[in-house]
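A structural walkthrough
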Number of protein chains: 2
Amino acid sequence: MARAPPQSPPKIPVKQILVLGAGHSSAFLISHLLELASRRQWFVTVGDLDLDLARDRVAEHASGNAIHFDVNDELLRSAQIQNADVVVNMLPPAYQDLVAWDCVNHGRHMLSVSYQDQAVRDLDSDARKKGVLLLCELGLDPGIDHMSAMALIRRLHDRGGQVRGFRSYGSGIPAPDQPQNPLRYVVTWNPRNVVMSGEAGAQYMENGRIKIVPFHQVFHHTWEVEVDGIGTLEAYPNRDSLAYLDAFGLEGVETMVRGTLRYPGWSETWAQIVRLGLPNENLRIPGLAERSYREVVEMFLPLNITEARTSQRIARFLNISPTGRIMENLRWLGLFSDEPIGCEGETAAAMLIHLLERKLPLTDELRDVVVLVHELEVTYPNGERTPERVTSTMVSEGEAGGFTAMSRTVGLPTAAAVQLLLDGELSLTGCQIPTHPSIYEPVLREISAAGLKFTEKTEHME
Amino acid sequence: MARAPPQSPPKIPVKQILVLGAGHSSAFLISHLLELASRRQWFVTVGDLDLDLARDRVAEHASGNAIHFDVNDELLRSAQIQNADVVVNMLPPAYQDLVAWDCVNHGRHMLSVSYQDQAVRDLDSDARKKGVLLLCELGLDPGIDHMSAMALIRRLHDRGGQVRGFRSYGSGIPAPDQPQNPLRYVVTWNPRNVVMSGEAGAQYMENGRIKIVPFHQVFHHTWEVEVDGIGTLEAYPNRDSLAYLDAFGLEGVETMVRGTLRYPGWSETWAQIVRLGLPNENLRIPGLAERSYREVVEMFLPLNITEARTSQRIARFLNISPTGRIMENLRWLGLFSDEPIGCEGETAAAMLIHLLERKLPLTDELRDVVVLVHELEVTYPNGERTPERVTSTMVSEGEAGGFTAMSRTVGLPTAAAVQLLLDGELSLTGCQIPTHPSIYEPVLREISAAGLKFTEKTEHME
């Protein structure tokens, strides 16, 4: 691979940053790292399957280079990771362990915005032996949500408080004060993660009782959340909230919920898409691209429903109104269209991804907004204070035609962690998420300086 | 590892067979391979996490050895595979690619009774380069079903027939003429595969139309199948039937269904277990072993149902009769028990596995039976014959207290393939399933000689 030479003969060796994945969420990160690189002895290599996309992101910056990167090409993957001082993994979650494995193998640090998965956790002891840090969940949600929650919990503990209830919500949605599509949603990150959301089910704790929700129930299982400056949103449970009890030091808590926020109405529509069975990445449908959307949707209906039109048959099967809002949304999405699908991939999930990209794009006129809300119930055992409900909210809007709020809020903490690592200010090793003060304190300082601030509100209870 | 010395100084080098996994399905295979080994220059090493189980299977046979084998121990895995001439993989499906990877790496052949997965398919070209055979789906179902179907299809093609409809069913159930538990099922193979059955959904083709069934619908989606000598069974769709269109040379077919058979009533009960969400391997429930079954089942119920008893609450939630047969089955299984679960593992799926092992064991007094049925509709384009429905059925019973039919029908074809390979009579390489005549013809001859025979019936259709 040709690399641009550093601008002056370096006294300190140039630090190599390898960013894997140049999609939606990487835009701000890459631009920001390149900006930092031009003031430091850094060089940023951006790899993507789509070389043109990687080139667009690097934009011929003197401290950067774009390469074609196929994560399944073992030799290429290994060689690139070996060349790097730090690897920033922005690839889809399924590839995280491949990257982590090579990082451990070559003694390189990995930062990742995806959820830490079991395959990565299994590398913990090997990573420690090699002095390697595998730091996951470093974006917005998971990421800033963990860091801000930890800082808040720590402050409450320090003043003698005991957290009894922890509810934490995250979201990236269209900003409220602009024209909305019928689903009131736009795709600002990997649409695959929107399509497969909830696939592992969800669990949380409410008043001391664990609740488990299977995939086919997740989007039926919503509740209202008021957000200052946005209005009423709906929440559905986000994966395994209980996995964070230990990490957050909340073993004594009675309520522990992590939720995802949407505008009201998204979930009732998506629940029916899940009931139909469309979010399926396993079954390969022969000749998918040449078939029409309607033809594929028909495959999910029993043969014995005799209504003439697809939409009537679906309404009958799902027991929803054939003329109601949900059906209108399904129609608007294009699920009954006779057009050939013409997408890449071979599954019904691939078809949905293609549809969301076409029907729910963030156009240049639109702004997105990211929302993080923590709602904590705190008691003070020594009675020196009355119980409190502390609400901490971050709302950050994107720029129309510029960087999205999603890309910026994913990129800022990630870039801050790159900086900490390359400046030698992060001595943790092994498999981590950013719940340690040596990570979250400097990262929160950095992103706050860049304008990502939380507003805190305390109400006294009973 | 200490190895027993071969009985006489060998002129031909001893061929090393490594069998990984000594569970339910391996019992007959290991015994049979050891028997063959004592008449040949073979040596059989059996590895399992449970060394005692492996030792029991080898039973101090002079041509065999038992070892502790942890598939996640990379050094051990690599060393053992390197020592083998052929590796027989009987481990759970999730480990197939680890074993296949090392086999390709060391240039060793792998035989496996699991479904070929994408990770193994991805090794095809590397395996070919190394002259390695990765032969999957070599047991009963998948296995004998493919081989017998291929042989039948080939005979029909040879006499000018065109297959219009292909329905193929497989099952391992208790033999009919004996006392039955309420679910009329016993566990004769890895109970994990029973618990997670259907998790990827299923698809098939009926009269030219593809039908796709999501996990939460699979066990609602049953139909009756009459089996000679057994009676009426129920079928539910088995995974991706369409994946076999090409492999079976059935591109022109209008109906293509692979199904799993149970006694009527299993599916209506299991459908409710799936609706509750219990078959979940992702969400780890804190303190599972100390909790009671009832406590865990309660986690899957909404908080807002006010019925006093768990069973009433479940019936209300699922909208089934609180006093009907399904509820009786759920109670008999032990799902409302106040006993501590006390199982290994941390998920609701682990709890179900534990329950099935306790409540549905194949005791020494019971016999199992395996059933394979192919139903083919054949037309003859040149009109020289009337259209036919050809039914081909294999029914094989196990011995009470001896080998199960499941173990025998999984072991026989696998051992036959070992023999072909070690005798140098199998020259295929790469990733294969047994649809090539050089595999299925000799294997079918071998298992037929051992008594596994198909009965064929031809009906002339209008």
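Conventions we followed
- Residues numbered from 1 in each chain as written.
- Chains lettered and ligands numbered in written order.
- Predicted model: local features only at pLDDT ≥ 70, side-chain atom pairs only at ≥ 80, totals over all residues.
- Heavy atoms only, no water.
- Helix = DSSP H or I, 4+ residues; strand = E, 2+ residues; numbered from the N terminus.
- Rg over C-alpha atoms; globule rule 2.2 N^0.38 Å.
- Buried < 20%, exposed > 50% of the residue type's maximum accessible area, 1.4 Å probe, protein only.
- Contact = heavy atoms within 4.5 Å.
- Areas by Shrake-Rupley, 256 points an atom, 1.4 Å probe, with all protein chains shown as cover.
- Lys, Arg positive; Asp, Glu negative; His and termini not counted.
- Charge placed at Lys NZ, Arg CZ, Asp CG, Glu CD.
- Expected span 1.5 Å × (residues − 1).
- Pairing = 2+ DSSP bridges.
- Axes fitted to C-alpha atoms, helices over the stretch in contact; angles between N-to-C directions.
- Salt bridge = Lys/Arg side-chain N within 4 Å of Asp/Glu carboxyl O.
- Polar contact = N/O pair within 3.5 Å; in protein donor to acceptor, adjacent residues only side chain to side chain.

1. Considering the overall build of chain A
Scanning chain A from N- to C-terminus turns up 17 helices and 16 strands. For chain A, whose C-alpha radius of gyration is 23 Å, the value lies close to the compact-globule estimate of 23 Å for 462 residues. Viewed in the frame of its principal axes, chain A has a C-alpha envelope of about 75 × 65 × 40 Å. Expressed as a percentage of the 462 residues in chain A, the buried residues total 56%. Taking contacts inside chain A between residues at least 6 apart in sequence as the whole, the part at least 24 apart equals 70%. If you sum the accessible surface of chain A, you get close to 18,800 Å²; carbon and sulfur atoms cover 46% of it. Once the 43 positive and 59 negative side-chain charges of chain A are each reduced to a mean point, those two points are 1 Å apart.

2. Some thoughts on helix α17 (residues 437-449) of chain B
All names here are of chain B. If you check α17, its first and last C-alpha atoms are 18 Å apart, about what 13 residues at 1.5 Å a residue would give, namely 18 Å. Here the buried face of α17 lies against β6 (133-135), α7 (144-158) and α16 (405-422). Phi turns positive, to about 105°, at Gly451, one or two residues after α17.

3. A few points about the sheet that holds strand β2 (residues 42-48) of chain B
All names here are of chain B. Read across the open sheet, the 7 strands follow the order β3-β2-β1-β4-β5-β6-β15; overall the sheet is parallel. Only two strands of the sheet have a single partner each, and these edge strands are β3 (64-68) and β15 (430-432). For this sheet, the mean inter-axis angle between neighbouring strands, taken without regard to orientation, is 20°. Bridge count for β6 against β15 is 3 bridges, and the pairing is parallel. Its bridge partner being in β15, Leu134 is matched across the sheet by Cys431.

4. Some words on the pattern of salt bridges
Tallied over the entire structure, the rule returns 54 salt bridges over all chains. Between Glu397 of chain B and Arg367 of chain B there is a salt bridge, and its shortest N-O distance comes to 2.4 Å. Here Glu397 of chain B is found in strand β14 (residues 388-397), whereas its partner Arg367 of chain B is found in the loop between α15 (348-359) and β13 (368-379), with 30 residues between them in sequence. Through salt bridges with shared partners, one network takes in Arg167, Glu206, Glu377 and Arg389 of chain A.

5. Points about helix α2 (residues 51-58) of chain A
Sitting at the amino-terminal end of α2 of chain A is Asp50 of chain A, which places a side-chain oxygen 3.1 Å from the backbone nitrogen of Asp52 of chain A. Just downstream of α2 of chain A lies Ala59 of chain A, where phi reads positive at about 50°.

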